[in-house]
Amino acid sequence: MNKLRLGTRLFLSHLLVMLVGLGTFALIAKYSSPRFFVLHLEQLESRGFFTVRSARTYLVEGFQQAWNRSTLWSVVVGVTAAGGLSYWISRRIMQPLHQMEVVTQKLAKGNLQERMPKSEIPELNQLRLSFNRMASSLEGVEQKRRELISDMTHELRTPLTVMRGYLEELADGTIDASPEIYQRLVRETRRLERLANDLQELSKAEAGYLPIHLQKVDLYPLLVSLVERFRDQLLEDGPVIQLDCANDLPLVCADRDRAEQILVNLLGNAIRYTPHGSITLRAQSKSRFLWVAVEDTGIGIAAEDLPFVFERFWRSERSRDRYSGGTGIGLAITRRLVELQGGQIQVESERDRGSIFSFSLPLA
């Protein structure tokens with residue numbers, strides 16, 4: 001019984017229910033109908049319509065024979081009709097399950113575009129929706145995996161090509177070894193190291209393995225220290241960095257180290273893409289969150305590029321970002337760090353007018 005298919009189980013269950021119903025009906029009728037028939041004859045005799053005592057036995061036997069024949073034909077016809085109906089219903093129920101089996105086999109072979117068709121059965125239709133959502137999620141994961149491999153290949157190829165070129169020229173004697181050449185090799189090696197570290201941190205962040213220690217944090221001292229730290233690193237002809245917020249900011253529920261990492265990433269990007277002008281760090285509470293914004297007057301981001309800002313390896317100015325040492329993963333890490341602390345991050349930007357990156361942290 002345990003090896004029977006679901007369609008066979010459905011068919012047998014319907015047939016068994018029908019047999020039990022017909023059997024119960026036949027047994028009860030077989031023993032109760034003659035008694036009721038005799039009782040009905042006695043009632044007729046008591047009313048003086050006629051006397052059938054001498055023929056009562058023959059009448060009861062005839063009634064039983066007629067009842068047995070009609071019961072037999074009823075069972076035969078009922079079993080046949082119920083069997084056919086049960087078979088049809090089980091086929092209707094099993095059809096979407098068979099389709100799901102075919103779709104899962106295609107998904108297992110890598111055809112992630114397959115989807116389950118709509119079913120007339122509400123429960124199976126709900127299962128179809130869940131299955132299709134799972135298939136869409138798998139397709140998205142596979143697409144991101146392919147994009148990640150492609151982007152990683154692209155990012156690794158440039159420093160490796162540069163290093164190989166210098167090493168081949170040094171080996172052939174085409175160029176002479178000099179501190180400048182070694183510094184270039186060191187710079188490309190450090191880029192590979194940063195890329196490996198960023199990829200490791202991004203994978204941990206997306207998997208939820210990064211430790212987040214939530215506590216009550218006063219962000220104002222952190223904002224002040226970061227502004228002073230970055231101000232010391234700016235050249236005289238570079239942008240001006242300033243802080244614009246009240247000194248009595250409400251406490252937030254956050255991880256101080258991760259909040260500092262978020263701000264360092266955003267301020268670093270602002271400095272990288274703001275050769276002149278100003279960078280303003282703002283903070284204010286709205287509803288149940290504290291919103292922190294990094295506003296710059298730099299090169300900005302085109303409107304068509306805004307939906308991809310927080311995607312890994314995305315860059316609007318690839319050559320400029322590579323020259324400045326970015327890996328294209330910082331904003332993806334930043335978004336995940338904000339989400340792990342229960343906040344949101346968003347961006348507003350206009351080409352050649354600057355950008356505003358703002359994120360929220362829940363109030364303590």
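Residues numbered from 1 in each chain as written. Predicted model: local features only at pLDDT ≥ 70, side-chain atom pairs only at ≥ 80, totals over all residues. Heavy atoms only, no water.

**Q** Which parts of the structure should I look at to understand the overall build of the chain?
**A** Secondary structure summary: the chain contains eight helices and seven strands in total. Within the chain, the proportion of its 364 residues that are buried is 34%. Just so you have it, the chain exposes about 22,800 Å², and 56% of that area is on carbon and sulfur atoms. (Helix = DSSP H or I, 4+ residues; strand = E, 2+ residues; numbered from the N terminus. Buried < 20%, exposed > 50% of the residue type's maximum accessible area, 1.4 Å probe, protein only. Areas by Shrake-Rupley, 256 points an atom, 1.4 Å probe, with all protein chains shown as cover.)

**Q** What is the right way to read the pairing of strand β6 (residues 345–350) from this model?
**A** The side chains of a regular strand alternate between the sheet's two faces. Of the two faces of β6, only one is covered, namely that formed by Ile345, Val347 and Ser349; the face formed by Gln346, Glu348 and Glu350 stays uncovered. Looking at chain direction, β6 and strand β7 (residues 354–362) are connected through six bridges and run antiparallel. Counterpart to glutamate 348 in the pairing with β7 is isoleucine 356. The hairpin formed by β6 and β7 contains three residues between the paired strands, and aspartate 352 there has a positive phi angle of roughly 65°. (Pairing = 2+ DSSP bridges.)

**Q** How should I be thinking about the packing of helix α6 (residues 256–272) against helix α8 (residues 330–340) in this particular structure?
**A** Geometry of a packed helix pair, given as the angle between the helix axes and the separation of the axes. Two elements in contact, α6 and α8, have axes separated by 10 Å at closest approach and are oriented at 145°. Read as a crossing pair, α6 and α8 show a hand that is left-handed. Contact with α6, carried on its side by Arg258, Gln261, Ile262, Asn265, Leu266 and Asn269, involves Gly330, Leu331, Ile333, Thr334, Leu337 and Val338 of α8 and no other residues of that element. Each residue belonging to the contact of α6 with α8 can be placed in one class, and the counts come to six nonpolar, five polar and one charged. (Axes fitted to C-alpha atoms, helices over the stretch in contact; angles between N-to-C directions. Left-handed = near helix turned anticlockwise from the far one by under 90°. Contact = heavy atoms within 4.5 Å. Nonpolar A, V, L, I, M, F, W, Y, C, P; charged D, E, K, R; others polar.)

**Q** I tried to follow the sheet that holds strand β5 (residues 289–296) on my own but got confused; where do I start?
**A** Within a beta sheet, neighbouring strands are joined by backbone hydrogen bonds and run either parallel or antiparallel to one another. The mixed open sheet is built from five strands, whose spatial order is β2-β4-β5-β7-β6. One side of each edge strand has no neighbouring strand; the edge strands of this open sheet are β2 (240–244) and β6. Direction aside, the axes of adjacent strands within the sheet are offset by 15° on average. As judged from the seven bridges shared by β5 and β7, these two strands associate in the antiparallel manner. If you follow leucine 290 over to β7, its bridge partner there is leucine 361. Across the sheet, helix α5 (residues 219–233) lies against β2, β4 (278–286), β5 and β7, angled at about 170° from β2, the strand it touches most.

**Q** Explanation requested: the packing of α5 against α6 in the structure shown.
**A** Between α5 and α6, the shortest axis-to-axis distance is 11 Å and the interhelical angle comes to 35°. Crossing angle aside, the handedness with which α5 passes α6 is right-handed. Across from Leu219, Leu222, Leu223, Leu226, Arg229 and Phe230 in α5, the residues of α6 making contact are Arg256, Ala259, Glu260, Leu263, Val264, Leu267, Gly268 and Ile271. Per-class residue counts for the contact of α5 with α6 are 10 nonpolar, one polar and three charged.

**Q** What is the right way to look at the nonpolar core in this model?
**A** In globular proteins that are soluble, nonpolar side chains generally tend to be buried together. Counting 43 residues, the largest nonpolar core has Leu219, Leu263, Val292, Phe357 and Phe359 as its most contacted members. In contact with valine 292, other than residues within four places in its own chain, are Leu219, Leu223, Leu263, Leu281, Arg282, Ala283, Phe357, Ser358 and Phe359. Grouped together as the second largest cluster of nonpolar side chains are seven residues, Leu112, Met116, Phe131 and Ala135 included. (Core = buried A, V, L, I, M, F, W, Y, C linked by side-chain atoms within 4.5 Å.)

**Q** Quick question: what am I supposed to make of the pattern of salt bridges here?
**A** Side chains that differ in charge, positive against negative, can pair when their charged atoms come close. On inspection of all chains with the given rule, the structure shows nine salt bridges. When the shortest N-O distance is used, the salt bridge between glutamate 139 and arginine 115 registers 2.7 Å. Note that glutamate 139 is positioned in helix α3 (residues 122–172) and arginine 115 in the loop between α2 (56–108) and α3, a separation of 24 residues in sequence. Judged by relative accessible area, which is 26%, glutamate 139 ranks as partly exposed. In this structure, glutamate 180 engages arginine 184 in a salt bridge whose closest nitrogen and oxygen atoms are separated by 2.6 Å. Of the two residues, glutamate 180 and arginine 184 both sit in helix α4 (residues 179–207), four residues apart, roughly one turn of that helix. Given a relative accessible area of 49%, glutamate 180 falls into the partly exposed group. (Salt bridge = Lys/Arg side-chain N within 4 Å of Asp/Glu carboxyl O.)

**Q** Even after reading the chapter, I still don't get the packing of aromatic side chains, so can you show me in this structure?
**A** The relation between two aromatic rings is expressed through the spacing of the ring centres and the mutual angle of the planes. Taken as a whole and assessed by the stated rule, the structure comprises one aromatic pair. With centroids separated by 6.1 Å and ring planes inclined at 90°, the aromatic side chains of phenylalanine 310 and phenylalanine 357 adopt a geometry described as edge-to-face. Here the residue phenylalanine 310 occupies a position in the loop between β5 and α7 (318–324), and phenylalanine 357 occupies one in strand β7, the gap between them amounting to 47 residues. (Phe/Tyr/Trp six-rings, centres within 6.5 Å; stacked < 30°, edge-to-face > 60°.)

**Q** Looking at this model, I keep getting lost on α5. Mind explaining?
**A** Between its first and last C-alpha, α5 extends 21 Å over 15 residues, near the 21 Å set by a 1.5 Å rise per residue. Burial in α5 covers these residues: Leu219, Leu222, Leu223, Leu226, Val227 and Phe230. Down the axis of α5, the sector holding all buried residues measures 130°, keeping them to one side. (Expected span 1.5 Å × (residues − 1). Arc of directions from axis to C-beta.)

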